[in-house]
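# Summary of the model geometry
Chain by chain, the residues run as shown.
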Amino acid sequence: MLYWLMKRVFLGPLLHLFFRPQIEGAENIPDQGGAILASNHLAVADSFFLPLKVRRRVTFPAKLEYFTQPGIKGKLKKWFFTGCGQIPIDRSGGAAAQAALDTGVRLLREGHLLGIYPEGTRSPDGRLYKGKTGLARMALEARVPVIPVAMFDTDKVNPIGSKMWKPHKVRIKVGKPLDFSRYYGLAGDRFVERSITDEIMYALMELSGQEYVDMYAAKAKELMGFAATGPLVPRQKSSADADRISEIKAG
């Protein structure tokens, strides 16, 4: 009930008024049954605009931190994200990662529409980054189609680090469903899962027109952070330094 109130009464009308979102290819989303919406990820706003323009309820895994903050603010945040159709996922790795996959598979088998960002995190610069194979594992285990979705201009609405959203038209483009039934029974084969993931990322690249980077987005963010704070390795000797060292040794 809270999800539909947020979509149709509290939040949805405001999003339509200020951002005029449009969707193309909505007919590619099945009317019933489990399926994965695999989307590029430009901004937090993606998780609000995609469910807004899809008739069915869309469930997104979200960071556990959104649901565990203490105090009144934490309770309001938990209420808000729950109302937007998001479920808490522990992304700390190991057993937590397996639990997240199991939750996704269970929801898909129950017939839910699951929104997944194959990149695992927001793009740091608007480019499309290498996909993680957990998406492929869920598609194989639940035996559901994967539908590529391209978000446009949500990074202009909600730039990284911004506290306030800026009015800007948002577009969504939904591609044809990808059928991986030829791989059913091969969940756990890392080569198969990588092949499936790469096929999904290629479809997203063509749909979105983004430049593809063969690197995980999390690694790219890490490298950008290093560049901002300075290199972690000692400064290499310049040619002038080398000449001075040679002169000292000669003397």
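Further up the page is the structure itself.
The following paragraphs examine the structure supplied in this document. Every value quoted in this text rests on a predicted model; they were computed, and no experiment measured them. (Residues numbered from 1 in each chain as written. Predicted model: local features only at pLDDT ≥ 70, side-chain atom pairs only at ≥ 80, totals over all residues. Heavy atoms only, no water.)

Turning our eyes to something else, we now look at the environment of Ala150. Among the structural elements, Ala150 can be located in strand S7 (residues 146–152). Placed 127 residues apart in sequence, Ala150 and Ile23 show a C-alpha to C-alpha distance of 9.9 Å. Contact partners of Ala150, with chain neighbours within four places excluded, come to Asn40, Arg171, Ile172, Lys173, Leu207 and Ser208. (Helix = DSSP H or I, 4+ residues; strand = E, 2+ residues; numbered from the N terminus. Contact = heavy atoms within 4.5 Å.)

Our next topic: the packing of aromatic side chains. Between two aromatic rings, the relevant description is the distance of the centres plus the angle of the planes. Summed over all chains, the structure comprises 6 aromatic pairs. Where Phe19 meets Trp165, the ring centres are 5.9 Å apart and the plane angle is 70°; that geometry is what we call edge-to-face. Placement of Phe19 in helix H2 (residues 12–19) and of Trp165 in the loop between helix H8 (154–157) and strand S8 (171–174) is noted, with a sequence separation of 146 residues between them. Grouped by ring-pair contacts, the aromatic residues Phe18, Phe19, Phe48, Phe49 and Trp165 constitute a single cluster. In this structure, Arg171 is placed above the aromatic ring of Phe152, and the distance from its NZ or CZ to the ring centre is 4.2 Å. (Phe/Tyr/Trp six-rings, centres within 6.5 Å; stacked < 30°, edge-to-face > 60°. Lys NZ or Arg CZ within 6 Å of the ring centre and 35° of its normal.)

This part is about the packing of helix H1 (residues 2–10) against H2. At a minimum axis separation of 4 Å, H1 and H2 run at an interaxial angle of 40°. What the angle tells us is that H1 and H2 run oblique. Touching Met6, Lys7, Arg8, Val9 and Phe10 of H1 are Gly12, Pro13 and Leu14, all from H2. Here the residues of the contact of H1 with H2 sort into 5 nonpolar, 1 polar and 2 charged. (Axes fitted to C-alpha atoms, helices over the stretch in contact; angles between N-to-C directions. Parallel < 35°, antiparallel > 145°, perpendicular 65-115°, else oblique. Nonpolar A, V, L, I, M, F, W, Y, C, P; charged D, E, K, R; others polar.)

The quantities given are spatial measurements derived from coordinates; they are silent on function.
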